[in-house]
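# Inside the fold
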Amino acid sequence: MDTEPIAVALKFGFLAVLYLFLFWVSRSALRELRRTSAPAPEATGFHATAGPGGRSAATDASLVAVHGGGLSPGDRYDLFGGLSIGRSTEADVRIEDRFASSIHARLYSRGASYFVEDMGSTNGTFLNGTALEGEAELADLDQIKIGDTEMRFELELPGDG
Amino acid sequence: MSARNRELLALVPVAVLVTAGFAAVFITRSNEVTDLSLTYGGYFLALCVAAHIFLRIRLPHADPYLFPLCALLAAIGLVVIYRIDDGLAFDQASVFVLGLVLFCVTIVALRDYHVLERYRYLIATAGILLLIGPFITRNETNGAYLSVDLGPISFQPAELAKICIVIFLASYLAEKREMLSVAARRVVGLTIPPLKHFGPLLVVWGAAMLMLVFIRDLGSSLMFFGAFLALLYVATRRFSYVLVGLAMFALGAYVLGTQIPHVHERFDIWLDPFAPNGPAGAGQIQQSLFAQADGGLFGQGLGESLLKLPGPFAPDCQQPFPECGSILPAPHTDFIFAVITMELGLFGACGVILIYALIAARGFKTAVMAPDGFSKLLAAGLTAIFALQAFVIIGGVTKVIPLTGVTLPFVSFGGSSVVANMILLALLLLVSDRARRPRPDRASELGELGR
């Protein structure tokens, strides 16, 4: 029996099936990608998002803009993973305030608590009206003031949302 | 269609491919069509279906394509190894059964994989011990310290170590990442973190350099350091860390490379494998390049290419390969990709690379969907190190980077490689199941997905 044609058919058939399979997998992957595009503005949902009123899933504390700094009052910033506040574009929360330094202060969590730390700013950070030296622990509804910008720290209690 | 039905459907082409592959090898060998290839395909399908049923019970929501894609790699590997040597293929098949058992054990034992976070320093220590094990036992292969002999079994600890290191880095960075990601200063367009936060980066860089010194293996240290940088990038979103890390690695590798003769020689071969009076090891990459060129667009056909010469190829052949008449060195492990290119051609080789790319895509998708920091970093890290390993060996064989003896995941012959990658796949599927499990607030979205 001459097996040559079968061998050739198998050779090309193998490649054909392989590529059809890969095409099928990538097509379903693409389709899935389109369907899940809705939820998180920032795909991983991993970093702080700054959308108006936007809260990402893992949040349990947030910083809320009160007035000034070019922020719309009520804007919420997820504190998951910590964030920096300042005048530079590199800051997670960018404020337009002539008294603010480029990276003015930062907020972060350690264990179950949240802290605010002044990053050596020129004009200082004020926590509930008193100038901040180094870092301080944050309590629910604390006021943070940088220059003319006011913000509020909010803890989300279990069952809150 | 549900995720598991999709998985079952995807296993069908895999079974077809393994059958076609074996049939092609049989035809070339004995010039007749036998139904033996159907039997082999049947066995393979039965094993895959068994694993599939297990997944159906334990991880019903896990990613549907990860397992079939890995099975496809295993199928191609088995066919090519069978084409090289029957006995090796039998060993490899037995190792796959063992690997599947460990795959199931991992899934059962680590139902809540977050326990890994608790033992991270223990896991890190185990990983480092595994890595320096071959150096302690002074087991040298081709100038590099890669394997440990335990009685009759020889195993490559780096394969298991990669999982340990990724677990450690994922849990470490999940906890410390806010310290690294809060911005500091910008110098010439680069964000430079405060010096104290550079500590971990320096430690891991130092470890990679030490690896280069002890194991004398550029590819492995590139693999580990690359996975670390990928994780650091996922954790902090600071691309500058990656750039700084890569620059540090390149500098360190260059300085050390000129000092360690083994690494230096590999580098010279990479720059010019056809140099007259070049290093002795250049023959490996020369043969590999010739073999791949021989494949052409569609390849010689499975089993059709000239892989062995009658009579010994090199009298002083040091490869632990059954027949030293092999034209390619280590065709069943390091150079298996060259065999694939030779027999399936450019299209077959690109197909294999595409499989790795799709696995990486599924892995990163899992990371994106994962619910918490540790899961995200774990999935991203495992995927990164898996993809980097494939890159390191495919790149080495095709002369994109200096050659390193790591295995091609799931394809190469080798017990430790198969077992380690099965465990890696099990961990990815565990994360994936957790990530894709419908939650009350996401029910509507997932309902749409399942359609």
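Residues numbered from 1 in each chain as written. Chains lettered and ligands numbered in written order. Predicted model: local features only at pLDDT ≥ 70, side-chain atom pairs only at ≥ 80, totals over all residues. Heavy atoms only, no water.

### Considerations on the overall build of chain A
Summing up its helical and strand segments, chain A has 1 helix and 11 strands in all. Listing every helix and strand of chain A by position from the N terminus yields α-β-β-β-β-β-β-β-β-β-β-β. For chain A, with 161 residues in total, the buried portion stands at 44%. Counting only carbon and sulfur atoms, one obtains 55% of the accessible surface of chain A, whose full area is about 8,100 Å². (Helix = DSSP H or I, 4+ residues; strand = E, 2+ residues; numbered from the N terminus. Buried < 20%, exposed > 50% of the residue type's maximum accessible area, 1.4 Å probe, protein only. Areas by Shrake-Rupley, 256 points an atom, 1.4 Å probe, with all protein chains shown as cover.)

### A word on the overall build of chain B
What chain B contains, in helices and strands, is 16 helices and 6 strands. Within chain B, contacts between residues at least 6 apart in sequence are counted, and of these 73% link residues at least 24 apart. Carbon and sulfur atoms make up 68% of the accessible area of chain B, which amounts to about 18,200 Å² in all. (Contact = heavy atoms within 4.5 Å.)

### Topic: the packing of helix H12 (residues 282–295) of chain B against helix H13 (residues 336–369) of chain B
The packing of two helices is summarised by the inter-axis angle and the distance between the axes. Residues and elements named next belong to chain B. In contact at an axis separation of 6 Å, H12 and H13 are set at 20° when each is read in the N-to-C sense. In terms of their interaxial angle, H12 and H13 are classed as roughly parallel. In this structure, H12 meets H13 at a crossing whose hand is left-handed. Of the residues in H13, those in contact with Ser288, Ala291, Gln292, Asp294 and Gly295 of H12 are Ala338, Thr341, Met342 and Gly345. Among the residues forming the contact of H12 with H13, the class breakdown is 3 nonpolar, 5 polar and 1 charged. (Axes fitted to C-alpha atoms, helices over the stretch in contact; angles between N-to-C directions. Parallel < 35°, antiparallel > 145°, perpendicular 65-115°, else oblique. Left-handed = near helix turned anticlockwise from the far one by under 90°. Nonpolar A, V, L, I, M, F, W, Y, C, P; charged D, E, K, R; others polar.)

### Let's talk about the side chain of serine 432 of chain B
All names here are of chain B. Among the secondary structure elements, serine 432 is positioned in helix H15 (residues 415–436). The buried category is assigned to serine 432, whose relative accessible area is 1%. A polar contact is formed between the side chain of serine 432 and the backbone nitrogen of aspartate 63, at a distance of 2.7 Å. Excluding anything up to four places from it in sequence, serine 432 contacts His61, Ala62, Asp63 and Thr366. (Polar contact = N/O pair within 3.5 Å; in protein donor to acceptor, adjacent residues only side chain to side chain.)

### Considering the pattern of salt bridges
All names here are of chain B. Tallying each qualifying case throughout the model produces 10 salt bridges over all chains. Its salt-bridge partner being arginine 362, residue aspartate 63 comes within 3.0 Å of it at the nearest N-O pair. Of this pair, aspartate 63 sits in the loop between helix H2 (36–58) and helix H3 (66–84) while arginine 362 sits in helix H13, and the two are 299 residues apart along the sequence. Among the residues examined, aspartate 63 registers a relative accessible area of 0% and is labelled buried. Taking the shortest distance from any N to any O, the salt bridge between arginine 437 and aspartate 433 comes out at 3.0 Å. Residue classification places arginine 437 among the partly exposed positions, given a relative accessible area of 38%. (Salt bridge = Lys/Arg side-chain N within 4 Å of Asp/Glu carboxyl O.)

### A few points about the confidence of the model for chain B
All names here are of chain B. Confidence in the prediction of chain B, expressed as mean pLDDT, is 81, and 82% of residues score 70 or more. For residues 318–323, every residue scores under 50 in pLDDT, and the model assigns this stretch 14 contacts once sequence neighbours within four places are set aside. The model gives residues 441–451 a pLDDT under 50, and that stretch makes 17 contacts with residues more than four places away or in other chains. With a pTM of 0.75, the predicted complex shows an ipTM of 0.82. (pLDDT = per-residue confidence, 0-100.)

### Structural notes on unusual backbone geometry
Positive phi, normally seen in glycine, also occurs at asparagine 128 of chain A, with a value near 50°. Within the fold, asparagine 128 of chain A resides in the loop between strand S7 (125–127) and strand S8 (130–131). Not every positive phi belongs to a glycine, and phenylalanine 410 of chain B is a case in point at roughly 70°. With respect to the helices and strands, the residue phenylalanine 410 of chain B is situated in the loop between helix H14 (373–397) and H15. Overall, phenylalanine 410 of chain B belongs to the buried group, its relative accessible area being 2%.

### Notes on H3 of chain B
Within an α-helix, residues lying three or four positions from one another point in the same direction, as the helix has 3.6 residues per turn. Over its 19 residues, H3 of chain B runs 27 Å from end to end, which matches the ideal 27 Å to within 8%, given 1.5 Å per residue. Among the 19 residues in H3 of chain B, 19 count as buried, and that is most of the element. (Expected span 1.5 Å × (residues − 1).)

### Some details on the confidence of the model for chain A
All names here are of chain A. Here chain A averages 77 in pLDDT, and 80% of its residues register 70 or above. When mean pLDDT is compared element by element in chain A, strand S10 (residues 143–146) scores highest at 89, while strand S2 (residues 76–78) scores lowest at 82. Every residue in residues 48–59 is under pLDDT 50, and counting partners more than four places away or in other chains gives 24 contacts.

### A few points about a nonpolar patch on the surface
Residues Val8 and Phe12 of chain A together with Leu297, Phe298, Leu346 and Phe347 of chain B make up a contiguous nonpolar surface patch of about 500 Å² in total accessible area. When residues of the nonpolar patch are traced back to their parent elements, those giving at least two are helix H1 (4–35) of chain A together with H13 of chain B. Locating phenylalanine 12 of chain A in the fold gives a position in helix H1. (Patch = residues over 30% accessible without salt bridge, like charges linked within 9 Å, V, L, I, M, F, W, Y side chains within 5 Å.)

### Concerning the environment of leucine 63 of chain A
Residue and element names in this part refer to chain A. For leucine 63, the location among the structural elements is in strand S1 (residues 61–67). C-alpha separation for the pair leucine 63 and leucine 22, spaced 41 residues apart in sequence, amounts to 46 Å. Excluding anything up to four places from it in sequence, leucine 63 contacts Asp75, Arg76, Tyr77, Leu79, Leu83, Ile85, Leu107, Ile144, Met151 and Arg152.

### Considering the state of the cysteines
One covalent bond between the sulfur atoms of two cysteine residues makes up a disulfide. Residues and elements named next belong to chain B. This structure, assessed with the given rule, holds 0 disulfides over all chains. With no disulfide partner, cysteine 48 has as its closest neighbouring cysteine sulfur the one in cysteine 70, 11 Å distant. Cysteine 48 gets classed as buried once you look at its relative accessible area, which sits at 7%. The thiol of cysteine 164 is unpaired, and the distance to the nearest cysteine sulfur, on cysteine 70, comes to 19 Å. (Disulfide = S-S within 2.5 Å.)

### Digging into the packing of helix H4 (residues 86–109) of chain B against H15 of chain B
All names here are of chain B. Taken N-terminus to C-terminus, the directions of H4 and H15 make an angle of 30°; their axes are 8 Å apart at the nearest point. With respect to each other, H4 and H15 are oriented roughly parallel. Crossing of H4 against H15: the hand is right-handed. Packed against H4, whose contacting residues are Gln92, Val95, Phe96, Leu98, Gly99, Leu100, Leu102, Phe103, Thr106 and Ile107, the element H15 presents Gly415, Val418, Val419, Met422, Ile423, Leu425, Ala426, Leu429 and Leu430 at the interface. Its residues assigned to classes, the contact of H4 with H15 shows 15 nonpolar, 4 polar and no charged.

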